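Examination of the molecular architecture
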Amino acid sequence: LRVANIQAEEERRLAEQTVHEAMQALEGELGTCRASLGQAETRATEQAEEARSRIAAAEATASTAQGEAAAGADRLAQEAARASDAESKAADLATRWAEAQA
């Protein structure tokens, strides 16, 4: 009976040691997973910031281009008005010239 108790106690100690070692291994793996998750979160945050920066830069470029296009359209409209005015004056001068020649 005493030998059986000693064997049972030894088996219990071995089982506890096995459980303890398994728990330590799991805690190590959990720590590794947490570190990997932290790195992934950091990378994702950095990538999101980079994307936001690129979007802001693209929006600024688009806004500048839109402003330049509007200014160009205004200049074109002014030039078209001047050309039309010049054509009108030329036609008026041609009419006067023709009348003066008659």
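Reading guide: rules and limits
- Residues numbered from 1 in each chain as written.
- Predicted model: local features only at pLDDT ≥ 70, side-chain atom pairs only at ≥ 80, totals over all residues.
- Heavy atoms only, no water.
- Helix = DSSP H or I, 4+ residues; strand = E, 2+ residues; numbered from the N terminus.
- Rg over C-alpha atoms; globule rule 2.2 N^0.38 Å.
- Buried < 20%, exposed > 50% of the residue type's maximum accessible area, 1.4 Å probe, protein only.
- Areas by Shrake-Rupley, 256 points an atom, 1.4 Å probe, with all protein chains shown as cover.
- Lys, Arg positive; Asp, Glu negative; His and termini not counted.
- Charge placed at Lys NZ, Arg CZ, Asp CG, Glu CD.
- Salt bridge = Lys/Arg side-chain N within 4 Å of Asp/Glu carboxyl O.
- Patch = residues over 30% accessible without salt bridge, like charges linked within 9 Å, V, L, I, M, F, W, Y side chains within 5 Å.

The next subject is the overall build of the protein. Each helix and strand in the protein was counted, giving one helix and zero strands. The C-alpha atoms of the protein give 43 Å as radius of gyration, which overshoots the globular expectation for 102 residues (13 Å, by more than 25%). Projected onto its principal axes, the C-alpha positions of the protein cover 145 × 15 × 10 Å. Looking at the protein as a whole, 0% of its 102 residues qualify as buried. For the protein, the exposed area adds up to about 8800 Å²; of that, 58% sits on carbon and sulfur atoms. Looking at charge distribution, the protein has the averaged site of its 11 positive side-chain charges lying 3 Å from that of its 19 negative ones.

Close approach of charged atoms allows side chains with opposite charge to pair. All chains considered together, the criterion is met by eight salt bridges. One salt bridge in this structure joins glutamate 9 and arginine 13, with 3.7 Å as the shortest N-O distance. Residue glutamate 9 and its partner arginine 13 are both found in helix H1 (residues 2-101); the two are separated by four residues, about one turn of the helix. A salt bridge links arginine 12 to glutamate 16, with the shortest nitrogen-to-oxygen separation between them at 2.3 Å. Taken together, the residues span about one helical turn, with arginine 12 and glutamate 16 both in helix H1 at a distance of four residues. Since its relative accessible area comes to 44%, glutamate 16 is described here as partly exposed.

All right, on to the environment of alanine 98 then. The topology assignment puts alanine 98 in helix H1. On a C-alpha basis, the gap between alanine 98 and threonine 42 in space is 83 Å, while along the polypeptide they are 56 residues apart.

Counting through the fold element by element, arginine 2 comes out in helix H1. What makes arginine 2 exposed here is its relative accessible area of 67%. Each C-alpha atom of the pair arginine 2 and arginine 34 lies 47 Å from the other, and the pair is 32 residues apart in sequence.

A few words on a nonpolar patch on the surface. Together, Val19, Met23 and Leu26 line one region of the surface with nonpolar side chains, adding up to about 280 Å² of accessible area. For methionine 23, the position within the fold is in helix H1.

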